[in-house]
Number of protein chains: 4
Amino acid sequence: MRYGYLGPETTFTHQALLQALEVMPREITEQVEQVPFSAVATATTDLLAGDIDALIAPIENSVEGGVSGTLDVLAATDSITIVAEQIVQVTFVLAAREDTALKDLEVVSSHPHAQAQVQGWLRGNLPDAHVAAASSTAAAARDLAALSPEQAHGRAAVCSPLAAKHFGLTVLAEQIEDTEGAQTRFVLVTREGRIPARTGADKTTLVVHLPHNRSGALLETLEMFSANGVNLSRIESRPIGDFLGRYSFSLDVEGHIEDRRVAASLRALHRICPVVHYLGSYPRIDGAHPEPREEFADETYDEAHRWIEKLTGMVAPEPDRA
Amino acid sequence: MRYGYLGPETTFTHQALLQALEVMPREITEQVEQVPFSAVATATTDLLAGDIDALIAPIENSVEGGVSGTLDVLAATDSITIVAEQIVQVTFVLAAREDTALKDLEVVSSHPHAQAQVQGWLRGNLPDAHVAAASSTAAAARDLAALSPEQAHGRAAVCSPLAAKHFGLTVLAEQIEDTEGAQTRFVLVTREGRIPARTGADKTTLVVHLPHNRSGALLETLEMFSANGVNLSRIESRPIGDFLGRYSFSLDVEGHIEDRRVAASLRALHRICPVVHYLGSYPRIDGAHPEPREEFADETYDEAHRWIEKLTGMVAPEPDRA
Amino acid sequence: MRYGYLGPETTFTHQALLQALEVMPREITEQVEQVPFSAVATATTDLLAGDIDALIAPIENSVEGGVSGTLDVLAATDSITIVAEQIVQVTFVLAAREDTALKDLEVVSSHPHAQAQVQGWLRGNLPDAHVAAASSTAAAARDLAALSPEQAHGRAAVCSPLAAKHFGLTVLAEQIEDTEGAQTRFVLVTREGRIPARTGADKTTLVVHLPHNRSGALLETLEMFSANGVNLSRIESRPIGDFLGRYSFSLDVEGHIEDRRVAASLRALHRICPVVHYLGSYPRIDGAHPEPREEFADETYDEAHRWIEKLTGMVAPEPDRA
Amino acid sequence: MRYGYLGPETTFTHQALLQALEVMPREITEQVEQVPFSAVATATTDLLAGDIDALIAPIENSVEGGVSGTLDVLAATDSITIVAEQIVQVTFVLAAREDTALKDLEVVSSHPHAQAQVQGWLRGNLPDAHVAAASSTAAAARDLAALSPEQAHGRAAVCSPLAAKHFGLTVLAEQIEDTEGAQTRFVLVTREGRIPARTGADKTTLVVHLPHNRSGALLETLEMFSANGVNLSRIESRPIGDFLGRYSFSLDVEGHIEDRRVAASLRALHRICPVVHYLGSYPRIDGAHPEPREEFADETYDEAHRWIEKLTGMVAPEPDRA
């Protein structure tokens, strides 16, 4: 089994994959081959083609927001299914080769998103250092480790603690991120096929296009969730791409498609929205287990269903004159 | 087959029954025995006991509003089913015995509801006449017809044209009602059993109690209809009777329980309301045939249902470690 | 000062007036002359003509529901203002002349509404007695008291304990009502003029006609209250009278017109409903003092108002080319 | 007057500025100095410090979605005001030095966003070319123009037609974008101060934080617009940054703060949302002039306001005993 991730080794996405593997049974993880990719789009193509079996990708970051590349891939197809989520605590270190002092630093390299998250620290502590772009935080660390000691002089990388350790770098400063406690959420996707069973602590991900001939369409869509007691935990708008003002919405809702209240909401969306992509129901990483109010419990839906079945069973087969 | 009505003969309820029989096939109407009652409550007891097979009763009047006696009977049981409606145009005549002139009138008798609807005319035309109560407009006519010519002198009845004709009275003035075009709507009920088949031009009658622990409960209830594109054509509040501020609502909605949008609304009500009495789906007397918007059409509900069925069919039988 | 009530003396409406006078200062009550009327419509005509200064009338009963006569008078004019409410506990006694035993009774007289509320007791205890109609429970008692001892033999009245006492009758049975704890609510109305000051425990009464060209109009109307955190404590539909299916709604809401949340709701209703009659804001008889959530507090509305004032103050006087 | 833009010269943002200047009166444009910046954040700092007087920045692209950098600057302060919008049609050319043929190309440079929009064309037409990053499409063109003929051999830039022309490059292919008709919308902002006058065809931009203690908060927020007939033309969620699942929303609504319906919506938002940033009301570039329904017209709001004023004027100054 081949699992793709945004590489190279020791990226935050790689960490997410390692976290995901940790909670799987040994007989599965022993068979997993980890395959680095440079872009979600390429990895998705390989997933759909059968070259890899699963793929882990970042979907949102608590500071930077939704990850457009992943959202657009998810919006473009309903042939893939999200089967799990992972959350990685995002923290950065400033790492250099042995014997490098903070005061010697002239060049600091990292991925632009990481730079954005440490720019306050850099301005305060290394106001004169040049900031160079790398294709990932892991690549910044790896490339620094590959230099000759002379070349590496005066250089540092902003990367994850894991990357610093993996590539044998020395940590000059840690937790240098401007916003403490930032998190990135990742999703593990497979080709469409099997939806994970309901655990009682689940999440469902959707992409919907709104009916465009009606104002208030987003309101109407949210009312369908509200009418069934279903909470939204994420909402992200993305352009559909044809012209300004046309959006699709990427949504996470609490619950599993086997929860009657979720199924009822989805049926309603299917009626009113021109496009609804169901991207999967999967266990919540936080294990939270919100108990629905009685009116939204499975048994309440089932009773209502049986009541209507009984009544429609009493309808005469064809019109007569009463 | 015995059909009960609020008597005596030639009341407006009797007219409604005659109208109802007119549209039934001859092989049925030939077997119908018409049974007058003096109160809806008594007739309902007989209906539930099997002494009569159907009952016609007024439910609302365009001037006087809901008919409490009928509404309360309908609210108290879900063992009866409305199978048809009738609308009677309410018009009154002033009827007397032969050779009576308007100027001779001293006493005018009628049912209090009828008096209320002609009081303007009486004040204008017979300001000095005494107004006497009768138990129905038909009884006023019948009793006048039964008097000796001497006793009948100076007397008139406010009644329906049918009653005047049936009891051989002379019409001194017609259309004496203050509000032109008043109508009374009647329902034909049977013991629970068979719901008339869907005709495409149907109405459904319900009684609901609102959840009492939540403000905004009526709003929430109406939203369930709105979310399914179901229009209300009648809403009437009635006290539940335990204390002030607790109401049940008697509702007519457009459509038949076999219309998916009606069934979906009812399922939602069943979930949120402590009591929902389904009182029947039956053809609209006006034959109006409103076409639902595409999102509320049967086929749209059925497609959404099939989509969810397909998706839940893909759920793994039990949790595993993805 | 002349205060009208539905008479004769000792009716429940009279009791409501006595209760209302009890809580007024002596200098006012000393000047009040109590004037009995036989109908709300007549009394209202006198009120509008200036012949009386105030009028007390029943508006709803916890068993019988809304009082149509009063509701229709309130719906027809906005030239009167409700300034207070009263609630009377409804309980009935069976009263007769001295030396009458239960077993001797042949005729029981009362007002039809009262009869409806004691019919279970009568069926159980006096199955053979004839039930005769009186124009009010007080009239039944008064008329019985006026009979000669011989005429009064075998007769009883269903009336209030007050009426029995006032007319010197003997109570044969008390609390004979089928539903324990029934209440009637009364409103005290004056000619339009002065609205009672806000006490913090107030109620506001309205009559609205719904926009007839839009389905979902009742839903939309209720949303205006919900959006401003205003609870409904009474809703009663009444026909407008022109044709079936057209209703006005008589509403009580919690709060005073000087509460910003109530004023905001009324402004919204005024925009969307073709007719809104404001019938007054007045102290709640139960003194309940519900604290609005912060978002619905006066100060919150006032701050929002000041914020918009400040912003609109920054708008350029006329368009230019930025 | 100094107007900042994302430079260097001939970027799409520069084009937007030129378009904006075209519609201003000559006496203003003659005084405008165009000042290029490399980042929105830096330019905003200069704007707030008074070093420049206005700033134009991209806010959304029909293919790429919201521009996070601009949205986050707008979300972070309410000390700036949007005074105008511009829309630029996004089209790309492949530009090279004279005498370069398509088949000779080995390196193509551009900004990553531009690369994303032409990647299909590049894969199809230059599958073997190396793609190099530049800090903007204009910089790619400028840098190519600055090379010696030898250095420039085998090189091309993906840039705007304007940039190609400005830097004297030859266009090898035009309209190479994968999605035809892409547009970017720009906003022109000033330091808070004066809001452009109402033109009747206006737009208002807001940033709101939702109340976090209540599910359904987004629904509730949208209902405030719906209740006032205000349409949304853009909605974009951005993380607040403290933890996953907390969002602010950047919204454009139709109308001007002087439109009563817009002011009423904003007042309601101010009551229920912990943060509402008003970022300005300004003329719509498309000039569309949607007429509100009667219930949302200014005069309707004003009438409702006067009605409540009249009623509250009738409230007694202090409680008495009616």
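Each value, and the rule that gives it
The residue numbers shown here count from 1 along each chain, following its written sequence. Just so you know, chain letters begin at A and ligand numbers begin at 1, following the order they were written in. Under the rules for a predicted model, residues below a pLDDT of 70 receive no local features and side-chain atom pairs below 80 are neither given nor counted, while totals for whole chains, interfaces and linings still include all residues. UniProt positions are given in the numbering used here, feature names are shortened, and annotations may be inferred rather than shown by experiment. Each helix corresponds to a stretch of at least 4 residues labelled H or I by DSSP, and each strand to a stretch of at least 2 residues labelled E; elements are numbered beginning at the N terminus. The burial label depends on the number of other C-beta atoms within 10 Å of a residue's C-beta. Counts of 20 or more mean buried, 12 or fewer mean exposed, and intermediate counts mean partly exposed, with C-beta atoms placed from the backbone. Any two residues are considered in contact once their C-beta atoms, placed from the backbone, lie within 7 Å. Note: two strands are recorded as paired if DSSP finds a minimum of 2 bridges between them. Side-chain classes are defined by residue name, with Ala, Val, Leu, Ile, Met, Phe, Trp, Tyr, Cys and Pro counting as nonpolar, Asp, Glu, Lys and Arg as charged, and the others, Gly among them, as polar. Between the N-to-C directions of two axes lies an angle of 0 to 180 degrees, each axis being a line fitted to C-alpha atoms and, for a helix, fitted only over the stretch in contact. Residues enter a nonpolar core if they are buried, belong to Ala, Val, Leu, Ile, Met, Phe, Trp, Tyr or Cys, and are joined to the set through C-beta atoms within 7 Å. The span one expects for a helix is its residue count, reduced by one, times 1.5 Å. Only residues with pLDDT of at least 70 in both copies contribute their C-alpha atoms to the least-squares superposition of the copies. For the domain bounds, the source is a domain assignment made automatically or taken from a database. For classification, angles of less than 35 degrees are called roughly parallel, those exceeding 145 degrees roughly antiparallel, those between 65 and 115 degrees roughly perpendicular, and all remaining angles oblique. In this scheme, a crossing is called left-handed if the near helix is turned counterclockwise away from the far one by less than a right angle; it is called right-handed if the turn is clockwise.

- With an unreviewed UniProt entry as reference, chain A is termed Prephenate dehydratase, source organism Brachybacterium fresconis.
- Regarding chain A, the UniProt comment filed under Catalytic activity (unreviewed entry) reads as follows: "prephenate + H(+) = 3-phenylpyruvate + CO2 + H2O".

Focus: the overall build of chain A
Alright, step 1. Within chain A, the regular secondary structure consists of 11 helices and 15 strands.
Alright, step 2. In terms of overall dimensions, chain A has a C-alpha envelope of 100 × 50 × 35 Å along the principal axes.
Alright, step 3. Across the 322 residues of chain A, 51% fall into the buried class.
Alright, step 4. Nonlocal contacts in chain A, meaning residues at least 24 apart in sequence, comprise 77% of its contacts between residues at least 6 apart.

Quick look at the pairing of strand S9 (residues 155-159) of chain B
Residues and elements named next belong to chain B.
Alright, step 1. Within S9, five of the five residues are buried, which leaves the element mostly enclosed by the surrounding structure.
Alright, step 2. Residues of S9 alternate between two faces, with Arg155, Ala157 and Cys159 on one and Ala156 and Val158 on the opposite face, all of them buried.
Alright, step 3. Sheet topology note: the strand S6 (residues 93-96)/S9 ladder contains four bridges and is antiparallel. The residue bridging Leu94 from the neighbouring strand is Val158, located in S9.
Alright, step 4. The pairing of strand S7 (residues 107-110) with S9 spans three bridges and is classified as parallel. Looking at S9, one finds that Val107 is bridged to Arg155.

Concerning the interface of chain A and chain B
Alright, step 1. Chain A puts 42 residues into the contact, and the matching count from chain B is 42 residues.
Alright, step 2. Among the elements of the structure, strand S5 (80-89), helix H9 (217-227), helix H10 (260-272) and helix H11 (298-312) of chain A are those that each provide at least two residues to the side of chain A that touches chain B.
Alright, step 3. Top element by residues in the side of chain A that touches chain B is H11 of chain A. It accounts for eight residues.
Alright, step 4. Residue composition of the side of chain A that touches chain B, by class: 29 nonpolar, five polar and eight charged.

With respect to the sheet that holds strand S12 (residues 202-209) of chain C
Residue and element names in this part refer to chain C.
Alright, step 1. The strand order across the open sheet formed by four strands is S13-S14-S12-S15, and the pairing between neighbours is antiparallel. What marks the edges here is a single partner per strand, and that holds for strand S13 (232-239) and strand S15 (275-283). Recorded for the sheet is a direction-independent mean angle of 15 degrees between the axes of neighbouring strands.

What about the arrangement of the chains?
Alright, step 1. There is no contact between chain A and chain C; across them, the least C-alpha separation is 13 Å.
Alright, step 2. There is no contact between chain B and chain D; across them, the least C-alpha separation is 13 Å.

Quick notes on the nonpolar core
Alright, step 1. Within the largest apolar cluster, 262 residues are counted, with the highest numbers of intra-cluster contacts made by Ile56 of chain A, Ile56 of chain B, Ile56 of chain C together with Ile56 of chain D.
Alright, step 2. Other than its neighbours up to four places away in sequence, Ile56 of chain B contacts Tyr3, Tyr5, Thr13, Ala16, Leu17, Ala20, Phe186 and Leu188 of chain B.

Digging into H10 of chain A
Alright, step 1. For H10 of chain A, built from 13 residues, the straight-helix expectation of 18 Å at 1.5 Å per residue is met to within 8% by its first-to-last C-alpha distance of 19 Å.
Alright, step 2. Most of H10 of chain A is tucked away: 13 of the 13 residues are buried.

Quick notes on the UniProt feature "domain: Prephenate dehydratase" (unreviewed entry) in chain A
Alright, step 1. Taken from the UniProt record, the annotation "domain: Prephenate dehydratase" (unreviewed entry) applies to residues 2-191 of chain A.
Alright, step 2. Spanning residues 2-191 of chain A, this segment combines 36% helix with 32% strand, and its end C-alpha atoms are found 13 Å apart.

Section: the interface of chain D and chain C
Alright, step 1. Counting from both sides, the interface comprises 44 residues of chain D and, opposite them, 42 residues of chain C.
Alright, step 2. Elements with a minimum of two residues in the side of chain D that touches chain C: strand S5 (80-89), helix H9 (217-226), helix H10 (260-272) and helix H11 (298-312) of chain D.
Alright, step 3. By residue number, the principal contributor to the side of chain D that touches chain C is H11 of chain D, which donates nine residues.
Alright, step 4. Taken together, the residues of the side of chain D that touches chain C break down into 29 nonpolar, six polar and nine charged.

Overview of unusual backbone geometry
Alright, step 1. Of note, the bond from Gly7 of chain C into Pro8 of chain C is cis; its omega dihedral lies within 30 degrees of zero at 5 degrees.
Alright, step 2. Unlike most non-glycine residues, Asp99 of chain B shows phi in positive territory, near 70 degrees.
Alright, step 3. As for its position among the elements, Asp99 of chain B is in the loop between S6 and S7.
Alright, step 4. Even without being glycine, Gln175 of chain D reaches a positive phi, approximately 50 degrees.
Alright, step 5. Residue position: Gln175 of chain D is located in the loop between strand S10 (170-174) and strand S11 (183-191).
Alright, step 6. The class of Gln175 of chain D is exposed, set by 11 C-beta atoms lying within 10 Å.

Section: the environment of Asp53 of chain C
All names here are of chain C.
Alright, step 1. Looking at the element boundaries, Asp53 is found in the loop between helix H3 (40-49) and strand S3 (54-61).
Alright, step 2. The class of Asp53 is partly exposed, set by 17 C-beta atoms lying within 10 Å.
Alright, step 3. Taking the C-alpha atoms as reference points, Asp53 and Leu169, separated by 116 residues in sequence, lie 33 Å from one another.

What to know about the relation of the copies chain D and chain C
Alright, step 1. Superposing chain D onto chain C takes a rotation of 180 degrees plus a shift of 0.0 Å along the axis, which leaves an RMSD of 0.1 Å. Expressed as an axis order, the relation between the two copies is that of a two-fold axis.
Alright, step 2. Of the interface residues in chain D, 95% have counterparts in chain C that sit at the interface too, so the contact is made through matching surfaces.

Quick notes on the domain arrangement of chain A
Residues and elements named next belong to chain A.
Alright, step 1. Per the domain assignment, the segments of chain A are domain 1 (1-90 + 183-194), domain 2 (93-174) and domain 3 (196-312).
Alright, step 2. Using C-alpha coordinates to define each centre, domain 1 is positioned 26 Å away from domain 2.
Alright, step 3. Contacts between the two partners involve eight residues from domain 1, matched on the other side by 12 residues from domain 2.
Alright, step 4. The residue inventory of the side of domain 1 that touches domain 2, partitioned by class, reads three nonpolar, three polar and two charged.

Some points on the relation of the copies chain A and chain B
Alright, step 1. Rotating chain A by 180 degrees about the axis while translating it 0.0 Å along that axis superimposes it on chain B, leaving an RMSD of 0.1 Å.
Alright, step 2. When the interface residues of chain A are mapped onto chain B, 100% of them again fall at the interface, so both copies present the same face.

Topic: the sheet that holds S7 of chain B
The strands making up a sheet associate through hydrogen bonds between their backbones, and the pairing can be parallel or antiparallel.
Residue and element names in this part refer to chain B.
Alright, step 1. Reading across the sheet, the five strands line up as S8-S7-S9-S6-S10 and stay open at both edges, with mixed pairing between neighbours. What marks the edges here is a single partner per strand, and that holds for strand S8 (130-133) and strand S10 (170-174). Across the sheet, the axes of successive neighbouring strands diverge by a mean angle of 30 degrees, strand direction being ignored.
Alright, step 2. Here S7 pairs with S8 via four bridges, running parallel. Across the sheet, Ser110 pairs through a bridge with Ala133, a residue of S8.
Alright, step 3. The strands touched by helix H6 (residues 137-146) within the sheet are S6, S7 and S9, with S9 carrying the most contacts at an inclination of about 150 degrees.

A short note on the packing of H9 of chain A against helix H9 (residues 217-227) of chain B
Alright, step 1. Where H9 of chain A meets H9 of chain B, the axes come as close as 11 Å, and the angle between the chain directions of the two elements is 125 degrees. Considering their axes alone, H9 of chain A and H9 of chain B lie oblique with respect to each other. Where H9 of chain A crosses over H9 of chain B, the handedness of that crossing is left-handed. Counting all contacts with H9 of chain A, which are made through Glu223, Met224 and Ala227 of chain A, the residues of H9 of chain B involved are Glu223, Met224 and Ala227 of chain B.
Alright, step 2. Partitioned by chemical class, the residues of the contact of H9 of chain A with H9 of chain B number four nonpolar, no polar and two charged.

What to know about the pairing of strand S6 (residues 93-96) of chain C
On a regular strand, each side chain points to the face opposite its neighbour's, so the side chains alternate between the two faces of the sheet.
All names here are of chain C.
Alright, step 1. A two-sided burial pattern is seen for S6, the buried positions comprising Val93 and Ala95 on one face and Leu94 and Ala96 on the other.
Alright, step 2. The pairing of S6 with strand S9 (residues 155-159) spans three bridges and is classified as antiparallel.
Alright, step 3. Bridge count between S6 and strand S10 (residues 170-174): four bridges; the pairing is antiparallel. Residue pairing for S10: Leu94 is matched across the bridge by Ala173.

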